[in-house]
Amino acid sequence: MAGFDDLASERSKAQFDVEEMKVIWAGSRHTLEVSDRISRLVANDPVFRKDTRTMLSRKDLFKNTLRKAAHAWKRIIELRLSEEEAAELRFYVDEPAFMDLHWGMFIPTIKGQGTEEQQQKWLPLAYKMKIIGCYAQTELGHGSNVQGLETTATFDPQTDEFIIHSPTLTSSKWWPGGLGKVSTHAVVYGRLIIDSKDYGVNGFIVQLRSLDDHLPLPGITIGDIGMKFGSGAYNTMDNGVLRFDHVRIPRDQMLMRVSQVTREGKLVQSNVPWQLVYGTMVYVRQKIVSDASCALSRAVCIATRYSAVRRQFGLQSNGIETQVIDYKTQQSRLFPLLASAYAFRFVGEWLKWLYMDVNQRLQASDFSTLPEAHACTAGLKSLTTSATADGIEECRKLCGGHGYLCSSGLPELFAVYIPACTYEGDNIVLLLQVARFLIKTVSQLGSGKEPVGTTVYMGRVEQLMQCHCAVQKGFLELSADLVQAAVAHCQLIVVSKFIEKLQQDIPGKGVKGQLEALCNIYALFILHKHLGDFLSTGCITPKQASLANAQLRSLYSQVRPNAIALVDAFNYTDHYLSSVLGRYDGNVYPKLYEEAWKDPLNDSVVPDGYQEYIQPILKQQLRNARL
Ligand SMILES: CCCCCCCCCCCCCCCCCCCC(=O)SCCNC(=O)CCNC(=O)[C@H](O)C(C)(C)COP(=O)(O)OP(=O)(O)OC[C@H]1O[C@@H](n2cnc3c(N)ncnc32)[C@H](O)[C@@H]1OP(=O)(O)O
Ligand SMILES: Cc1cc2nc3c(=O)[nH]c(=O)nc-3n(C[C@H](O)[C@H](O)[C@H](O)COP(=O)(O)OP(=O)(O)OC[C@H]3O[C@@H](n4cnc5c(N)ncnc54)[C@H](O)[C@@H]3O)c2cc1C
């Protein structure tokens, strides 16, 4: 049978040790073992089925998500899963839900912005899920401009409380995940007001719903903000709206690591930078970069396997058509995405290290690397999510018509992924932050302060001083160009981290060679994409440009026999891929055919509505024909 034979024969052609590549992809032998075991556990549990998700109504979909979350939590307790195993379980359950915000933002915010006492009080409750929290920062009127938030937290010295209030419609909290229907608590960001003076934005722990009957507490209005893009997809999440009408909370529920309000109403600043109030965003952006490689590799796995199964045109001597993966045009669209998936994996690993390093320094009151960590997380979040969203859509097109079917897995993957370009910071707004960081670094070049870390190359580029003078004429005027410069800076980080990875000890037959080919494809593809910039700035000559393109074509041929094995190395189960086109066994056509009959529209041969709407038209036509 077509698909079976094709993928089996592709696998036999691989020129490297796939099992060793799996270890490289996972990060370590231990991580591979955990991820492999947990992915199978999820795949074999009927509660975690997801094949009907795109056909459910919002209410059924949401209830099913609650069921899965409760079941996941039960399994975590029963099996005494470690934090690492629980995170893998969440990953393979593959459904955005309130738990993400509870574990991914609420808890990290208390850890990062709470004092020792606050952590001791709130974390045990949150870890045991006796309370469920979310992260309520964005408002109807302000998301990107955090300093523009309108919610107020006014200190009342009479009662030693803060009064949380939404003074306008636009100050309504809008978007927080988990808020709409589930969370009992939230970290709410609002303006700290003491004695009529505005001290800017801070975080406050606020109880939203009763722990007895789940009803909103007095003065609180909450709901879900409505359906979002696509069927299934992010609609499993209860993104919410929240308004406060003079809600009182005790003073010790302001997160006080950065600054404290005393009983007398005095604001006391700690020695930590105020930007730590933004700390959770740095943490989550770092996680989003790691997730980008997962989403992109998933789409690439589907498109690569299907491209080896799908045949069009070009009858060979044996009468069989050509596998579409053999077309150079298909390779030139697919292989850069394959290379990007690996590139993002390694830069994600590095960013995780950078985040841990900055955190350790913060504990020791060394804040020097915080600006770089902010710039790297913001910039790489922007670059990798934009490339991944575009990449998933390209994979859909690479799968032709069948890619548009929900059963290909690609439409839902796209719909669930694209908000990553917006949440946790709009991608352009984040690149402007990187640009600001770069300009600041350039402006210090002549002052004897040597650039370090990811900006070390700047010390070697003399023209940058002139560049700084030009930018001084107006940051806003040049912002579109500055965004391009920020992207280029981030691309340099991605390429250099891939090269650094290759300098490590990489065991396994042929593994290093394949990674070198992918690294070169990534770098040359970026060069090819921005050829105009490279040529117009005189960084390369036309001759070098044409050599680079020839090299890229040759690399595609080198990767071609290994393509299926390179996506097998992601070690994804069919459950996780949830794609008929990306099945491990390649049995695409019979399963597509089978899948079609499961659609509820095929429950009856004659559709509902025939008698009311179709039959009268047909009868009318009959009469007209007689006339
Ligand atoms: C079952 C059990 C399972 C267990 C496991 C489950 C695990 C799940 C994990 C899942 C992970 C989580 C998944 C979550 C999904 C995401 C959901 C989305 C959530 C959100 O979207 S939350 C809202 C996010 N909002 C934003 O991102 C807003 C974007 N805006 C900003 O960040 C800032 O306001 C902005 C744009 C940076 C402000 O710009 P500007 O006005 O120029 O800056 P300021 O004046 O405010 O600041 C100036 C100064 O500060 C520096 N700065 C800015 N940001 C930061 C920062 N984050 N860190 C450090 N420093 C920062 C800036 O560079 C300036 O510095 P200067 O030195 O130049 O003055
Ligand atoms: C699915 C989803 C989940 C979310 N979850 C949460 C959550 O759990 N908690 C939470 O608090 N928030 C959450 N958010 C909100 C999210 O963080 C914001 O939507 C995001 O930060 C973007 O802000 P915005 O909507 O204000 O966009 P805007 O800033 O209004 O952006 C609109 C346009 O203006 C442009 N723009 C804005 N400012 C500038 C500028 N200075 N220069 C140039 N261009 C600019 C942008 O590039 C964009 O094109 C979520 C959002 C989504 C979509």
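Residues numbered from 1 in each chain as written. Chains lettered and ligands numbered in written order. Predicted model: local features only at pLDDT ≥ 70, side-chain atom pairs only at ≥ 80, totals over all residues.

- Going by an unreviewed UniProt entry, the protein chain carries the name Acyl-coenzyme A oxidase and comes from Carya illinoinensis.
- Listed in UniProt under the heading Subcellular location (unreviewed entry), the comment for the protein chain reads: "Peroxisome". (UniProt positions renumbered as here; feature names shortened; annotations may be inferred.)

## As for the overall build of the protein chain
For step 1, the next point in the chain: Secondary structure summary: the protein chain contains 21 helices and 11 strands in total.
For step 2, the next point in the chain: Taking 627 residues into account, the globule formula puts the C-alpha radius of gyration at 25 Å, and the protein chain, at 27 Å, falls close to it.
For step 3, the next point in the chain: The C-alpha extent of the protein chain, read off along each of the three principal axes, is 90 × 75 × 60 Å.
For step 4, the next point in the chain: Here the protein chain, with 627 residues, has 41% of them falling under the buried criterion.
For step 5, the next point in the chain: At a minimum sequence separation of 6, the contacts of the protein chain that also span at least 24 residues come to 73%. (Helix = DSSP H or I, 4+ residues; strand = E, 2+ residues; numbered from the N terminus. Rg over C-alpha atoms; globule rule 2.2 N^0.38 Å. Buried ≥ 20, exposed ≤ 12 C-beta atoms within 10 Å, placed from the backbone. Contact = placed C-beta atoms within 7 Å.)

## Examining the site of ligand 2
For step 1, the next point in the chain: Around ligand 2, the surrounding shell holds 21 residues, and the nearest of these are Q137, T138, G143, S144 and W175.
For step 2, the next point in the chain: Among the secondary structure elements, those contributing two or more residues to the shell around ligand 2 are β1 (133–136) and α12 (427–443).
For step 3, the next point in the chain: The element best represented in the shell around ligand 2 is α12, accounting for three residues.
For step 4, the next point in the chain: Considered class by class, the residues forming the shell around ligand 2 number 11 nonpolar, eight polar and two charged.
For step 5, the next point in the chain: Domain assignment of the residues forming the shell around ligand 2 places at least three in each of domain 1 (1–31 + 279–619) and domain 2 (107–270). (Near = placed C-beta within 6 Å. Nonpolar A, V, L, I, M, F, W, Y, C, P; charged D, E, K, R; others polar. Domains from an automatic or database assignment.)

## Points about the sheet that holds strand β4 (residues 173–174)
For step 1, the next point in the chain: The antiparallel open sheet is built from three strands, whose spatial order is β4-β8-β7. Both outer strands of the open sheet, β4 and β7 (220–224), are each paired with one neighbouring strand and no more.
For step 2, the next point in the chain: Here two bridges tie β4 to strand β8 (residues 240–244), and the two strands are oriented antiparallel to one another. Within the sheet, the bridge partner assigned to W174 lies in β8 and is V241. (Pairing = 2+ DSSP bridges.)

## Quick word on the site of ligand 1
For step 1, the next point in the chain: Close to ligand 1 lie 34 residues; G104, V146, Q275, Y278 and G425 are nearest.
For step 2, the next point in the chain: Of all the secondary structure elements, the ones that give two or more residues to the shell around ligand 1 are α4 (58–78), α5 (83–93), α6 (98–113), α8 (279–309), α10 (370–398) and α12.
For step 3, the next point in the chain: Ranked by residue count, the leading element in the shell around ligand 1 is α6, at five residues.
For step 4, the next point in the chain: Residue classes in the shell around ligand 1 are distributed as 18 nonpolar, 11 polar and five charged.
For step 5, the next point in the chain: Of the residues that make up the shell around ligand 1, three or more belong to each of domain 1 (1–31 + 279–619) and domain 2 (107–270).

## Here's the deal with the environment of Y417
For step 1, the next point in the chain: Mapped onto the elements, Y417 comes out in helix α11 (residues 410–417).
For step 2, the next point in the chain: A count of 25 C-beta atoms within 10 Å places Y417 in the buried class.

## Observations regarding the domain arrangement of the protein chain
For step 1, the next point in the chain: Looking at the assigned domains, one finds that the protein chain contains domain 1 (1–31 + 279–619) and domain 2 (107–270).
For step 2, the next point in the chain: On a C-alpha basis, the centroid separation for the pair domain 1 and domain 2 is 35 Å.
For step 3, the next point in the chain: The interface of domain 1 with domain 2 comprises 10 residues on the first partner and 11 residues on the second.
For step 4, the next point in the chain: Among the elements of the structure, α8 and α11 are those that each provide at least two residues to the side of domain 1 that touches domain 2.
For step 5, the next point in the chain: For the side of domain 1 that touches domain 2, the element with the highest residue contribution is α11, accounting for four residues.
For step 6, the next point in the chain: Its residues assigned to classes, the side of domain 1 that touches domain 2 shows six nonpolar, two polar and two charged.

## Concerning the pairing of β1
For step 1, the next point in the chain: Neither face of β1 is open: one carries G133 and Y135, the other C134 and A136, and all of them are buried.
For step 2, the next point in the chain: Where β1 and strand β5 (residues 185–194) come together, four bridges link them in parallel fashion. Bridge assignment links C134 to a residue of β5, and that residue is A186.

## A word on unusual backbone geometry
For step 1, the next point in the chain: Of note in this structure, R80 is not a glycine but carries a positive phi near 50°.
For step 2, the next point in the chain: Residue placement: R80 occurs in the loop between α4 and α5.
For step 3, the next point in the chain: With a phi close to 55°, F313 is a non-glycine residue in the positive phi region.
For step 4, the next point in the chain: Its place among the elements puts F313 in the loop between α8 and α9 (328–363).

## A look at the UniProt feature "domain: Acyl-coenzyme A oxidase N-terminal" (unreviewed entry) in the protein chain
For step 1, the next point in the chain: Sequence positions flagged by UniProt for "domain: Acyl-coenzyme A oxidase N-terminal" (unreviewed entry) are, in local numbering, residues 17–132.
For step 2, the next point in the chain: Here residues 17–132 runs as 72% helix and 0% strand, with 45 Å between its end C-alpha atoms.

## So, the nonpolar core
For step 1, the next point in the chain: Among the nonpolar cores identified, the biggest contains 146 residues, and A299, V300, L338, V347, C395, V434 and Y522 are the most heavily contacted of them.
For step 2, the next point in the chain: In terms of residue count, the dominant contributor to this core is α8 (17 residues).
For step 3, the next point in the chain: Formed jointly, this core draws a minimum of three residues from each of two domains, domain 1 (1–31 + 279–619) and domain 2 (107–270).
For step 4, the next point in the chain: In this view, Y522 contacts A339, S340, A343, V495 and F498; residues no more than four positions away in its chain are not counted. (Core = buried A, V, L, I, M, F, W, Y, C linked by C-beta atoms within 7 Å.)

## What about the pairing of strand β6 (residues 197–207)?
If a strand is regular, its side chains alternate between the two faces of the sheet.
For step 1, the next point in the chain: Here β5 pairs with β6 via nine bridges, running antiparallel. Counterpart to G190 in the pairing with β6 is N202.
For step 2, the next point in the chain: Connecting β5 to the antiparallel partner β6 that follows it, the hairpin turn spans two residues, and D195 within it adopts a positive phi of roughly 50°.

## Here we look at the packing of α12 against helix α14 (residues 479–502)
For step 1, the next point in the chain: Look at α12 against α14: their axes get within 8 Å of each other, and the N-to-C directions meet at 80°. Accordingly, the angle class assigned to the pair α12 and α14 is roughly perpendicular. Each of I428, L431, L432, V434, A435 and L438 in α12 lies in contact with α14, whose residues at this interface are S479, L482, V483, A485, A486, V487, H489 and C490. (Axes fitted to C-alpha atoms, helices over the stretch in contact; angles between N-to-C directions. Parallel < 35°, antiparallel > 145°, perpendicular 65-115°, else oblique.)

## Let's talk about the confidence of the model for the protein chain
For step 1, the next point in the chain: Within the protein chain, residue pLDDT values average 95, and 96% of them lie at 70 or more.
For step 2, the next point in the chain: Reported confidences for the modelled complex are a pTM of 0.97 and an ipTM of 0.98. (pLDDT = per-residue confidence, 0-100.)

## With respect to the packing of α10 against α12
For step 1, the next point in the chain: Across the interface, α10 lies against α12 with an axial gap of 8 Å and an inter-helix angle of 140°. In terms of orientation, α10 lies oblique with respect to α12. Judged by the sense of rotation from one axis to the other, the crossing of α10 with α12 is left-handed. Taking contact as the criterion, the partners of P371, H374, A375, A378, G379, K381, S382, T385 and S386 in α10 are, on α12, N427, L430, L431, Q433, V434 and F437.
For step 2, the next point in the chain: A per-class count over the contact of α10 with α12 returns seven nonpolar, seven polar and one charged. (Left-handed = near helix turned anticlockwise from the far one by under 90°.)

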